[in-house]
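Here is how the chains run, residue by residue.
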Amino acid sequence: VPAESALKDIFAEDFHIGAAVSSKTIKSQESLLTHHFNSITAENEMKFASVHPEEELYTFEEADQIVDFARKHGMAVRGHTLVWHNQTTDWLFRDKQNQLVSKAVLYERIRSHIQTVVGRYKGDIYAWDVVNEVIADDGEQLLRTSSWTEIAGDEFIAKAFEYAHAADPNALLFYNDYNESHPSKRDKIYTLVKSLLDRGVPIHGIGLQAHWNLFNPSLDDIRAAIEKYASLGLQLQLTELDVSVFRFEDKRADLTEPEPGMLEQQAEFYEAVFKLLKEYSDVISAVTFWGAADDHTWLSDFPVRGRKNWPLLFDERHRPKPAYYRVAALA
Ligand SMILES: Oc1ccccc1CN[C@@H]1C=C[C@@H](O)[C@H](O)[C@H]1O
């Protein structure tokens, strides 16, 4: 068992400390997960394409393994995610002639999906990322164009929250997005969530994915985003925290290990981030990393396929990195 102070104990008075897991990493990272974390999120196993590959077929085996692991170890579970434009099957949007279905058919399908998935884990999953990444990154438009908007305009967003609330009235329902600290996208997310609140849509929190890197966002932008979202009176969570050692536009793929300077910069940034998060612990209820250790991170395939990255607090052999020690020192 790791000797280092447990992150979940260091921040017990502040917020849950979570990690994204897979059906493999709950085995390969079991010791690290149970020692440091008190919440987990299925990285892929609860996405639409993973649990509902065909209209008449649900495949819950791997999601069940993850929920069982959490129950065994007394860990909270965040559900990710119900409505998204990625990792969602085409059949959801199409009829037998491969035409886009009507709004009514889409709503009945997604209502049934949410009723089945949220209903299955009622009492085990305390919070859901009901809607993921509908805000457009660029330009004036509020929503990104997708099959969802093609068929249902913006109405599907409120519907998703209403269906999730009907399926589990006790679950905390989140809107989740990335680049959430960019001022322009921050203001769009605020506009969307405020409009939902003003219409009495059941939404309880905003998920800041927090896929950051050594160079951005600035601490000022992070603080401004927290302040702006908190002004809505909702709880906030960091839902997918990692700190890439590369700028998003840097496609270099020559490194087989991080440069020492990178790990020092990463430690500086993580320390400053957690100091800031502690300052807002009254509105931040959980901080979930998008992985527990560098041996498994989605960033080793995004945005550059096969390009290794080292974004987390523990290295490929689950040893603490400089960033862990700086964060742990905030106890
Ligand atoms: O940072 C981004 C940049 C462009 C598109 C999507 C994202 C983040 N998108 C996230 C990342 C990994 C997936 O496993 C998560 O489900 C998704 O929410």
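Residues numbered from 1 in each chain as written. Predicted model: local features only at pLDDT ≥ 70, side-chain atom pairs only at ≥ 80, totals over all residues. Heavy atoms only, no water.

Some details on the site of the ligand
Test applied: Definition of nearness: a residue and a molecule or strand are near each other if at least one heavy atom of the residue lies within 4 Å of the molecule or strand. Any N or O atom pair separated by 3.5 Å or less is treated as a polar contact, with the protein-specific requirement of one donor-capable and one acceptor-capable atom, and with residues adjacent in sequence counted only for side-chain atom pairs. Only the protein chains shown count as cover for residues, and the accessible areas themselves come from Shrake-Rupley with a 1.4 Å probe. Polarity classes work like this: nonpolar for Ala, Val, Leu, Ile, Met, Phe, Trp, Tyr, Cys and Pro, charged for Asp, Glu, Lys and Arg, and polar for all others, with Gly in that last group.
Neighbouring the ligand are 13 residues; Lys 47, His 80, Asn 132, Glu 133 and Glu 240 lie closest to it. The side chain of Lys 47 places a nitrogen or oxygen atom 2.9 Å from an oxygen atom of the ligand. Contact between the ligand and His 80: an oxygen atom at 2.7 Å from a side-chain N or O atom of the residue. Coverage of the ligand by the protein chains reaches 86% of its 440 Å² of free accessible surface. The class makeup of the residues in the shell around the ligand is five nonpolar, four polar and four charged.

Here we look at the confidence of the model for the protein chain
Condition: The predictor rates its confidence in each residue with pLDDT, a number between 0 and 100.
A residue-level look at the protein chain finds 100% of positions with pLDDT of 70 or above and a mean pLDDT of 98. Here the prediction assigns the complex a pTM of 0.98, and the interface score ipTM is 0.97.

Let's talk about the pattern of salt bridges
Stated precisely, the cut-off is as follows: Counted as salt bridges are all cases of a side-chain nitrogen of Lys or Arg within 4 Å of a carboxyl oxygen of Asp or Glu. By the criteria applied, helices consist of DSSP H or I runs no shorter than four residues and strands consist of E runs no shorter than two, each listed in order from the N terminus. For the exposure calls, accessible area comes from a 1.4 Å probe over protein chains only, and a residue counts as buried if that area is under 20% of its type's maximum, exposed if over 50%, partly exposed in between.
Across all of its chains, the model carries 25 salt bridges by this definition. Asp 129 is the partner of Arg 78 in a salt bridge, and the nearest nitrogen-oxygen pair spans 2.8 Å. Linking Arg 78 in strand β3 (residues 76-83) with Asp 129 in strand β4 (residues 125-132), this pair joins segments that are 51 residues apart in sequence. On the accessibility criterion, Arg 78 (0% relative accessible area) is buried.

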